[in-house]
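Report on the structure
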Amino acid sequence: MTTNKAVVEIRNVDFAYNDVLVLKDITLTIEEGNFLGIVGPNGSGKTTLLKLMLGLIHPLRGSIRVLGQAPELARHSIGYVPQHAEIDSGFPISVMDVVLIGRLGKAPLFGGYRKIDREMAEEALKEVEIYEFRSHHFGTLSGGQKQRVLMARALVGKPEMLLLDEPTASIDGRVEQDIYELLKRLNAKVTIVLVSHDLGFISTYVNRVACVNRSLVCNPTEHVTADVIEACYSGPVHMIKHKCEL
Amino acid sequence: MFEFIHVLQSQDFMQNALTVGLLASVACGVMGTYVVVRRIVFISGGISHTVLGGMGAAYYYGFNPIHGAFVVAIIAALLIGFVSLRYHQHEDTLIGALWAVGMAVGILFIYKTPGYNVDLMSYLFGNILMVGRESVKFVACLDLLIISIVLLLYKRFLAVCFDEEYTRLQGIGVMSTYLLLLCLIAITVVMLIQVVGIILVIALLTLPAATARYFAPSLGSMMILASILGAVFTTSGLIVSYEQNLPSGATIIVIAGMAYIVATVLRGLVSRFRSYDKK
Ligand SMILES: Nc1ncnc2c1ncn2[C@@H]1O[C@H](COP(=O)(O)OP(=O)(O)OP(=O)(O)O)[C@@H](O)[C@H]1O
Ligand SMILES: [Mg+2]
């Protein structure tokens, strides 16, 4: 698993939303096969960090390379499950069609989706156990079911890296467990970055933890004690900066 | 009714009016669906009202007002589309300004054009009975253009309307796709201006689609249903306005509006009845 090829390289990145500095001097390398958990209090910049990796927003300072390229160029190899997808639940679209959007970049420019795209979408729907809802109206699903569909959409493009922003926030316990197992299985081939507040999950599945609170501190999981997490959530970050292993 | 059929059989103007109404309904159903699901009614209103500036200028310089409308509609679509993607927070203020300035410029040009102009009212409120054979051909060509582009880019338009961010992540040019969509809406607006006029265009663009939305499970079926509803509204509006000697544009819109209200009430009753059933 430790092939050491860097999938994401973030160097000294600062980011600000309208002059308010949200992330400061972030340096982080994610290697192929990593399963990185990102934790941090609300508003600490976790979602912002994922968006930077996707090239949806651009750093004020510093550089970001994804799969050796600018983030915009590597996007199509990344699956993303947003925390709050800006989705209108009245939109007339079926579950299947939502998942197919994950194939848009790979399907032909003109006309409809190919048979192979549909087959892959069905496979992804089965993987997250929502296949029987494939022809339902997306807006009528429950919050957890929607999240699973968005998960299938992220998987359907056969990504090299998955970025998940609290993907199990409204998913019930049983399916949550299954999704964690699924991620663990996928991790054999895919690098995974997961934002979660579920520290129990983090310590069981993840092999590195990044604590974000304007700045970022990264530790291998075995070094993550309650103190480290607590420091990230409430204490001043500079106190634990010496533990950073980058 | 018999009188209407008699006139339809014997008079060119009525045949033209009916054909333009039916042809415009197709574009109106297809593009109106996008306007409704993407919630860009205000943007479309901006485009359609700005068009008066183009019509006025063309009128003043002696060109065909519809050509002026066409050019300005495309420019307005590109400008408004750019503004709405780039300066999202100030979108409504900027569009509102363009809307007002466009109309004001049109009125100034029309005022300065020598001679009394009867046409002003027909630009504002439309007059489908004055549509000529040439306009029928023009509208048919635009229909063909719109339908072929929508067929080719259906999945892309769907993705952009449903989830802009994820579409961008697929490496799709969201800006260009969105601008193209707005240009097609602009073309539809120009087409519909001939049927109901600038002021009522937004109603005809959105009411059939909004009604269809209650019954259609997918974007494609919503387009087809909206087109059929549009055809029913324009045809029945034409008949009623002829029989009762009323302005056609306003009659069409009143019928469409009533159908929408009835559908909304029915829809509400049905869902209430269902939830009552479950108890
Ligand atoms: N679009 C935006 N415009 C301006 N400020 C923003 C925007 N999005 C986020 N912020 C600010 O940036 C900071 C970090 O936000 P971010 O969404 O990255 O936090 P987060 O760690 O994901 O929080 P949560 O745990 O609540 O999801 C917050 O203080 C927020 O107020
Ligand atoms: Mg977040």
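Just above, that's the structure.
All figures in this text were calculated on a predicted structure; none of them were measured in a lab.

Turning our eyes to something else, we now look at the coordination of the magnesium ion (ligand 2). Distances from the magnesium ion (ligand 2) to its protein donors, Thr-47 of chain A (OG1) and Gln-83 of chain A (OE1), fall within 1.9 to 2.0 Å. Of this pair, Thr-47 of chain A sits in helix α1 (residues 46-54) while Gln-83 of chain A is found in the loop between β5 (78-81) and α3 (95-100), placing the two residues 36 residues apart along the sequence.

On to the interface of chain B and chain A. Tallying the contact residues gives 25 residues for chain B and 33 residues for chain A. Summed over both sides, the interface of chain B with chain A buries roughly 2500 Å², with 63% coming from carbon and sulfur. Here Asp-163 of chain B makes a salt bridge to Arg-153 of chain A, at a shortest N to O gap of 2.9 Å. At the surface where chain B touches chain A, the tally comes to 9 residue pairs in polar contact (both at pLDDT 80 or more). Going through the elements one at a time, α7 (133-162), α8 (164-169) and α11 (219-244) of chain B are the ones with two or more residues in the side of chain B that touches chain A. No other element matches the 9 residues that α7 of chain B contributes to the side of chain B that touches chain A. Of the residues contributing to the side of chain B that touches chain A, the split by class is 15 nonpolar, 3 polar and 7 charged.

This brings us to the packing of aromatic side chains. Counted under the stated rule, the structure contains 13 aromatic pairs over all chains. On the basis of an interplanar angle of 85 degrees and a centroid distance of 5.8 Å, the ring pair of Phe-138 of chain A and Phe-162 of chain B is categorised as edge-to-face. With Phe-138 of chain A in the loop between α4 (115-127) and α5 (143-155) and Phe-162 of chain B in helix α7, the pair connects residues from two separate chains. An aromatic cluster is built from Phe-91 and Phe-138 of chain A together with Phe-162 of chain B, whose rings are joined through pairwise contacts. Here the basic side chain of Arg-153 of chain A rests over the ring of Tyr-166 of chain B, its NZ or CZ set 3.7 Å away from the ring centre. Taking NZ or CZ as reference, Lys-155 of chain B lies 5.6 Å from the ring centre of Tyr-113 of chain A, over its face.

Before going further, it helps to spend a moment on the site of ligand 1. All names here are of chain A. Surrounding ligand 1, one finds 13 residues, the nearest of these being Gly-43, Lys-46, Thr-47, Thr-48 and Gln-83. In the model, an oxygen atom of ligand 1 is placed 2.5 Å from a nitrogen or oxygen of the Thr-48 side chain. When ligand 1 sits alone it has 630 Å² of accessible area, and the protein chains cover 60% of it. Here the element with the most residues in the shell around ligand 1 is α1; it accounts for 3 residues. Broken down by class, the residue content of the shell around ligand 1 amounts to 3 nonpolar, 8 polar and 2 charged.

Let us now look at the sheet that holds strand β4 (residues 61-66) of chain A. All names here are of chain A. The 3 strands lie next to each other as β2-β1-β4, forming an open sheet whose pairing is antiparallel. Every other strand in the sheet has two partners, leaving β2 (20-31) and β4 as the edge strands with one partner each. Along the sheet, successive strands turn relative to each other by an average axial angle of 20 degrees, direction set aside.

This brings us to the packing of helix α4 (residues 65-86) of chain B against helix α5 (residues 91-112) of chain B. All names here are of chain B. Contact geometry for α4 and α5: axes closest at 9 Å, N-to-C directions at 160 degrees. The angle between α4 and α5 places the two elements in the roughly antiparallel class. The handedness of the crossing between α4 and α5 is right-handed. Here α4 contributes Leu-79, Ile-80, Val-83 and Ser-84 to the contact with α5, which in turn contributes Glu-91, Leu-94, Ile-95 and Leu-98. When the residues that make up the contact of α4 with α5 are grouped by side-chain class, the tally is 6 nonpolar, 1 polar and 1 charged.

Conventions and cut-offs
- Residues numbered from 1 in each chain as written.
- Chains lettered and ligands numbered in written order.
- Predicted model: local features only at pLDDT ≥ 70, side-chain atom pairs only at ≥ 80, totals over all residues.
- Heavy atoms only, no water.
- Donors = N, O, S within 2.8 Å, 3.2 Å for Na, K, Ca; no water.
- Helix = DSSP H or I, 4+ residues; strand = E, 2+ residues; numbered from the N terminus.
- Contact = heavy atoms within 4.5 Å.
- Buried area = accessible area lost by both parts, 1.4 Å probe.
- Salt bridge = Lys/Arg side-chain N within 4 Å of Asp/Glu carboxyl O.
- Polar contact = N/O pair within 3.5 Å; in protein donor to acceptor, adjacent residues only side chain to side chain.
- Nonpolar A, V, L, I, M, F, W, Y, C, P; charged D, E, K, R; others polar.
- Phe/Tyr/Trp six-rings, centres within 6.5 Å; stacked < 30°, edge-to-face > 60°.
- Lys NZ or Arg CZ within 6 Å of the ring centre and 35° of its normal.
- Near = heavy atom within 4 Å.
- Areas by Shrake-Rupley, 256 points an atom, 1.4 Å probe, with all protein chains shown as cover.
- Pairing = 2+ DSSP bridges.
- Axes fitted to C-alpha atoms, helices over the stretch in contact; angles between N-to-C directions.
- Parallel < 35°, antiparallel > 145°, perpendicular 65-115°, else oblique.
- Left-handed = near helix turned anticlockwise from the far one by under 90°.

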